[in-house]
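Working through the structure, step by step
Single-letter residue listing:
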Amino acid sequence: MISLFKCEFMKTRRRYVFMTAWAILAAFLAWIYPRHQSADLLRLGWMENLYELPLVNAIFMPLLSIIVSSRLCDIEHKGYMLKQLAVTEKRGKIYDAKLIYGLAIMMSCVMISWGMTIAFGYHVGYQGGVPIKLYLFYLLFTAVPTISVYLFQYTLSLCFKNQAIPFFVGAMGTFLGTFSMFLPQFPWLRRSLIWGYYGALSFVGLFGWTKENRYQYAHFDVIGIDWLSFIILVFVCVGMYLIGREIFKRKEL
Amino acid sequence: MLRKLLKAERMKLRRSPVWLAFILMPVIPAVLGTANYIYNQGILTKEWISLWTQHTLFTDYFFLPIMLGIYCSYLMRLEHGNNNWNKVFTMPVSRSSVFLAKLITAAIMLLLSMIWICVLFVISGYAAGLTNPPWLTIAKWCIFGTLGGMVTVAIQILISMNIKSFAQPVGIAFLGGLSGLVFLAKNLGHIWPYSLMSYGMNANAPQKIAESGGYGTFVIICAGYIALFTIIGNRIAVRRDIA
């Protein structure tokens, strides 16, 4: 397995995979940080992040997953490398090695964005200390939907030589997932799409916001964690992994 | 010559999945945006304009640039694969026409998408109980959105021609769409190439186009960008050494 990881690393050298991922992450950070200026938002900053960021994650993380998975799989498609790899190594192992490598890139982005969120909070001087328990929940509820989306995209990218297909499916899924967050009237919509779980697992609500006073009398509160959705998503991840691996093992190369 | 190249491009796209995506993609904001509009009519009081904001909210900033990025990448991927550039550039056609043919093909696709978005918008409006659609305004959104989108198409074709990877130009389109949002927020939407599509389609503040010099200025800026990227693309294509 170690040699397969090494092989993945060698294949992605000078391919700017990490750089592309981190460039998108940099855009993510540049987009979300300059907005906390008012005194009200400094007062509410820590909780406001937990309220706002799931929406940003629902746009960025799936698109990042599409790009990273496509980049890693396209290397094999272009040179007809899967056939050669399958001669020397078990297909399941190839699937696992590429998956772990890609997930490592994704998780590095999730961790960096999480760490930067906290660092930025301290830098601008959010009032009070960081609610670390809630932030750990947030990290978990960002990482697991990202893993599920990446698994889906990775399997599509590996199975289709034409990378336009995973891109279109992923973009439409991201679109649906983002929109589902604006439709709390249809909670089933979030739960029926892997892209919707960023919204389904968000656990902070905004109260007291008005058009006139905006955040002056507003506050954020925990509205409850949807553990059932989380458990469903974990099972979906396991199911997608097993199905994806099996599809790849049976695929005609 | 150009007509033959356009025909060749059309043949290459036959039975391609990109058509399906361009049909399905706008249906998502049409259905979900309309649902959002219906459930929030207390806040969204400007009828057709409010509905338009719901349809175009994320489409303009994120998903349409990405779709155009994918489409341009796909057009160029056909040539990047199997050393097809060698075959294309040994054909008895000028290299600049090849670039131009791809640009026109992508622009036609964009125009068809815009028309489809507007058709879905009108249907959604009627479904939401609205009457008397503002036809002229819708036509303006469609025409100027296409014009602004053509700038994005020109850049993306240029990028996809120079980057062999399928994913990276799409990533750039995504970042471009995002940068467009930032420039729009800073009131510089009328000069930034990736903002022009959402600027042309912008129903949130239609007066902005008038403030920034009117539709004439908008057309000149778009035409200038399209000409600039086309010239750069043509020059690169002409000087290109094929490997």
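Summarised in this report is the structure supplied together with it. The structure displayed is predicted, hence computed values, not measured ones. (Residues numbered from 1 in each chain as written. Chains lettered and ligands numbered in written order. Predicted model: local features only at pLDDT ≥ 70, side-chain atom pairs only at ≥ 80, totals over all residues. Heavy atoms only, no water.)

Description of a positive patch on the surface
Residues and elements named next belong to chain B. As a reminder of what qualifies: Distance thresholds for patches are 9 Å for like charges and 5 Å for nonpolar side chains (Val, Leu, Ile, Met, Phe, Trp, Tyr), applied to residues having over 30% relative accessible area and no salt bridge. Per-residue accessibility takes into account occlusion by the displayed protein chains alone, with areas from the Shrake-Rupley method and a 1.4 Å probe. Should a side-chain nitrogen of Lys or Arg be within 4 Å of a carboxyl oxygen of Asp or Glu, the pair is scored as a salt bridge. Positive charge is attributed to Lys and Arg, negative charge to Asp and Glu, and no charge count is given to His or to the chain ends. Positions of charges follow a simple convention, taking NZ of Lys, CZ of Arg, CG of Asp or CD of Glu. Counting from the N terminus, the helices are the DSSP runs of H or I reaching at least four residues and the strands are the DSSP runs of E reaching at least two. Three labels apply to residues, based on accessible area from a 1.4 Å probe with only protein chains included: buried if under 20% of the type maximum, exposed if over 50%, partly exposed otherwise in between.
A cluster of basic residues, Arg 3, Lys 4, Lys 7, Arg 10, Arg 14 and Arg 15, forms a positive patch at the surface. Looking at where Arg 3 falls in the secondary structure, it is placed in helix α1 (residues 2–13). We classify Arg 3 as exposed; its relative accessible area is 75%.

Regarding the nonpolar core
To be explicit about the condition: The nonpolar core is taken to be a set of buried Ala, Val, Leu, Ile, Met, Phe, Trp, Tyr and Cys residues, with the residues joined through side-chain atoms within 4.5 Å. Residue contacts are counted whenever heavy atoms from the two residues lie within 4.5 Å of one another.
Membership of the largest hydrophobic core comes to 159 residues, with the highest contact counts inside it found for B:Phe62, B:Ile70 and B:Ile157. Element by element, the count of residues in this core is highest for helix α3 (residues 39–78) of chain A, at 18 residues. Excluding residues that lie within four positions of it along the chain, B:Ile70 makes contacts with A:Ala164, A:Phe167, A:Phe168, B:Phe166 and B:Val170.

Let's talk about the interface of chain B and chain A
What counts is decided by this rule: Summed over both partners, the accessible area (1.4 Å probe) lost when two parts come together is defined as the buried area. Two N or O atoms count as a polar contact when they lie within 3.5 Å, although within protein this holds only if one can serve as hydrogen donor and the other as acceptor, and sequence-adjacent residues are included solely when both atoms are side-chain atoms.
In this complex, chain B contributes 35 residues to the contact, which on the side of chain A involves 35 residues. When the buried area of chain B at its contact with chain A is split by residue, B:Leu32, B:Phe58 and B:Phe63 rank highest and sum to 18% of it. At the surface where chain B touches chain A, the tally comes to one salt bridge. For the salt bridge of B:Arg77 with A:Asp74, the shortest nitrogen-to-oxygen distance reads 3.1 Å. Counting across the interface, chain B meets chain A through three residue pairs in polar contact (both at pLDDT 80 or more). Within the residue set of the side of chain B that touches chain A, elements represented by two or more residues are α2 (17–24), α3 (27–39), α4 (48–80) and α8 (167–185) of chain B. By residue number, the principal contributor to the side of chain B that touches chain A is α4(B), which donates ten residues.

Describing a nonpolar patch on the surface
Residue and element names in this part refer to chain B. A grouping of Trp 19, Ile 108, Leu 111, Leu 112, Ile 115, Val 119 and Ile 123 is seen on the molecular surface, where their side chains present a nonpolar patch of about 580 Å² in accessible area. When residues of the nonpolar patch are assigned to their parent elements, the largest contribution, six residues, is made by helix α6 (residues 95–127). With respect to the element layout, Ile 108 can be found in helix α6.

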